[in-house]
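# Secondary and tertiary structure notes
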Amino acid sequence: MSGFTQALTRGMWREIPPFRLVLGLCPTLAVTKSADNGLGMGAAVIFVLVLSNFFISLLRKLIPAKVRIACFIVVAATLVVAVELLMQAFAYPLYQTLGIFVPLIVVNCIILGRAEAFAAKNGPLLSIADGLGMGVGFTCSLTVLGALREAFGAGTVFGARVMPEAYQPVAFMVEAPGAFVCLGLLLAAMNALGRDAGQPPAGCRACGACYEAAARREGGA
Amino acid sequence: MREIAAMLVVLSAICGASGWILASLREYAAPLIEEQELVHVKGPALRHAFGAFDNDPVRERRRVALPDGGTLLVFPARKGGRLSAVAFERFGEGYGGPLGVMVGFDLSRDALSGIGITTHRETPGVGSRVTSEGFLVQFQGHPFAKLGLKAAGGDIDAVSGATTSSTAASRAVAEALRLWGGIRPEIEKAFAGEGP
């Protein structure tokens, strides 16, 4: 069972997607104007990621290697359209604020990255655990980033006032540049924490998918 | 050859299954989505299109038959149980696609009660300013005469830099006005009597 726990907790801290793998930055930067939006986006990603990992893991022996990316994308796209429909049917205000970023979950690197790096090689149960862990890690990151920006940019968190009445909101924080600044500060903090624990700094190599692909190409040639 | 066949079969099967799932889900969700749109899109536009009212126009909406055989979704506004205004939606061709305008008609005189924008895909910050209070307020209580942009001989100021979007809104209003003459008796009959 340790493999299961490991798959579940990996995405929550050691490989937390936006801060350690530096994956899925588009939604991370774009929708975190408030803690609410971050949480909503995260919930949508958890749904898609868990189910896409599950289905891809079930189909992994059937899918021919040469069309695997196309198959992964079809599965992810189906789930995203399903999320979009369900969100319109049950949480319309959330759909209005997330808008274009819901369909864009299809091209969120986390979905394809986990399909390729994990679900295509592991059983359904482990894949669900991996999707859930990564999704929860992603959601927490977005919520924290959203809460931070909302607190400084509007003086509230989840709509509840946290700053004293006299606080002048820094509108910069809820605009696009504020997202980059906040993300940078959080990445720096995560790297500092990681350095104390002896981990390498966050970066693209953390996911390893490109290295594996390169190795496979060299091996095949 | 076998490999290509396997690729074709698997990918087609996955795509087919996905299409079937989404089609059934869409069928299931369509009425729910329509309901949500009425509350979250038409509702706010109706508040703009009517002045004061104390009923629930979304819940009391009715379909009214048009002379050309189609139907029109009409929303009533009541004050103290008496029908004071009605509104329905028309579209004008905007810069990024159809621009939906909820046009309210004041029943006590030949004038609009106001208009509200429902759906649009105008450029944010430019064309989208037709949804601003400053533009919409010009239509509040406006008589039917001279109801058009200044460029077309009316007395409505277009949003500067957003002529296409303003024209779209004004066309939608003109289209609603054209319809109104023919169906007013029909609508009044449909909502006759006290509110529910």
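Residues numbered from 1 in each chain as written. Chains lettered and ligands numbered in written order. Predicted model: local features only at pLDDT ≥ 70, side-chain atom pairs only at ≥ 80, totals over all residues. Heavy atoms only, no water.

Moving on: the overall build of chain A. Within chain A one finds 10 helices and 2 strands. Counting all 221 residues of chain A, 47% fall into the buried class. Sequence separation of at least 24 residues holds for 73% of the intrachain contacts in chain A that already meet a minimum separation of 6. (Helix = DSSP H or I, 4+ residues; strand = E, 2+ residues; numbered from the N terminus. Buried < 20%, exposed > 50% of the residue type's maximum accessible area, 1.4 Å probe, protein only. Contact = heavy atoms within 4.5 Å.)

On the surface, A:Val170, A:Phe172, A:Val181 and A:Leu185 cluster together into a nonpolar patch covering about 340 Å² of accessible area. Its place among the elements puts A:Leu185 in helix α9 (residues 176–196). (Patch = residues over 30% accessible without salt bridge, like charges linked within 9 Å, V, L, I, M, F, W, Y side chains within 5 Å. Areas by Shrake-Rupley, 256 points an atom, 1.4 Å probe, with all protein chains shown as cover. Salt bridge = Lys/Arg side-chain N within 4 Å of Asp/Glu carboxyl O.)

Okay, the packing of aromatic side chains next. Residue and element names in this part refer to chain B. Across all of its chains, the model carries 7 aromatic pairs over all chains by this definition. Summarising the aromatic geometry, the rings of Phe 135 and Phe 139 are spaced 5.6 Å apart at their centres and angled 75° between planes, so their arrangement reads as edge-to-face. In this structure Phe 135 comes out as buried when scored by relative accessible area, which is 3%. Overall, the relative accessible area of 2% leaves Phe 139 in the buried class. A network of ring pairs unites the aromatic residues Phe 88, Phe 105, Phe 144 and Trp 180 as a single cluster. (Phe/Tyr/Trp six-rings, centres within 6.5 Å; stacked < 30°, edge-to-face > 60°.)

Residues and elements named next belong to chain B. Read from one edge to the other, the open sheet built from 5 strands follows the order β1-β2-β3-β4-β5, with strand pairing classed as antiparallel. Edge positions in the open sheet fall to β1 (62–65) and β5 (111–117), since each of these has one partner strand only. For this sheet, the mean angle separating the axes of adjacent strands, direction not counted, is 35°. Where strand β2 (residues 71–79) meets strand β3 (residues 82–93), 6 bridges bridge the pair, whose relative direction is antiparallel. Within β3, the residue paired with Phe 75 across the bridge is Ala 87. This element, helix α1 (residues 2–49), spans β2, β3, β4 (98–106) and β5 of the sheet and lies at about 145° to β5. Across the face of the sheet, helix α3 (residues 163–190) comes into contact with β1, β2, β3, β4 and β5 while running at roughly 140° to β3. (Pairing = 2+ DSSP bridges. Axes fitted to C-alpha atoms, helices over the stretch in contact; angles between N-to-C directions.)

Within the structure shown, the criterion is met by 13 salt bridges over all chains. Between A:Asp130 and A:Arg114 there is a salt bridge whose closest N-O contact spans 3.0 Å. Highlighted residues: A:Asp130 in helix α8 (residues 124–154) and A:Arg114 in helix α7 (residues 109–119), separated in sequence by 16 residues. The salt bridge involving B:Lys42 is made with B:Glu89; its shortest N-O contact spans 3.4 Å. Taken together, the residues B:Lys42 in helix α1 and B:Glu89 in strand β3 connect sequence positions 47 residues apart. With relative accessibility at 14%, the residue B:Glu89 sits in the buried group. What emerges from the salt-bridge pattern is a single network uniting A:Arg10, A:Arg114 and A:Asp130.

Moving on to α9(A). Residue and element names in this part refer to chain A. Its 21 residues give α9 an end-to-end C-alpha distance of 31 Å, which sits within 8% of 30 Å, the value for a rise of 1.5 Å per residue. Along α9, the residues that are buried comprise Gly 178, Ala 179, Cys 182, Leu 183, Leu 186, Leu 187, Met 190 and Gly 194. All buried residues of α9 fall inside an arc of 165° around its axis, so they share one side. For α9, the exposed residues lying more than 90 degrees away from the buried face are Phe 180, Leu 185, Arg 195 and Asp 196. Looking at the buried positions of α9, the neighbouring elements they touch are α2 (17–21), α3 (25–30) and α8. (Expected span 1.5 Å × (residues − 1). Arc of directions from axis to C-beta.)

Turning next to the interface of chain B and chain A. Listed by partner, the interface residues are 19 residues for chain B and 22 residues for chain A. Taking both sides of the interface into account, the surface hidden between chain B and chain A amounts to around 1,800 Å²; carbon and sulfur atoms contribute 80%. There are 1 salt bridge connecting chain B and chain A. Run the count over chain B and chain A and you get 4 residue pairs in polar contact (both at pLDDT 80 or more). Across the side of chain B that touches chain A, the residue classes tally to 13 nonpolar, 3 polar and 3 charged. (Buried area = accessible area lost by both parts, 1.4 Å probe. Polar contact = N/O pair within 3.5 Å; in protein donor to acceptor, adjacent residues only side chain to side chain. Nonpolar A, V, L, I, M, F, W, Y, C, P; charged D, E, K, R; others polar.)

Residue and element names in this part refer to chain B. Across chain B, the average pLDDT comes to 89, with 98% of residues at or above 70. Within chain B, β4 carries the highest mean pLDDT (93), whereas β1 carries the lowest (87). Scored by ipTM, the complex comes to 0.76, with pTM at 0.77. (pLDDT = per-residue confidence, 0-100.)

Residues and elements named next belong to chain B. Burial analysis of β4 places 8 of its 9 residues in the buried class, the great majority of the element. When β3 meets β4, the two strands line up antiparallel, connected through 9 bridges. Each bridged residue has a counterpart across the sheet, and for Phe 88 the counterpart in β4 is Val 103. What sits between the antiparallel neighbours β3 and β4 is a turn of 4 residues, in which Gly 97 has the positive phi angle 140°. Direction of pairing for β4 relative to β5: antiparallel, over a ladder of 6 bridges. Bridged to Met 102 within β5 is Gly 116.

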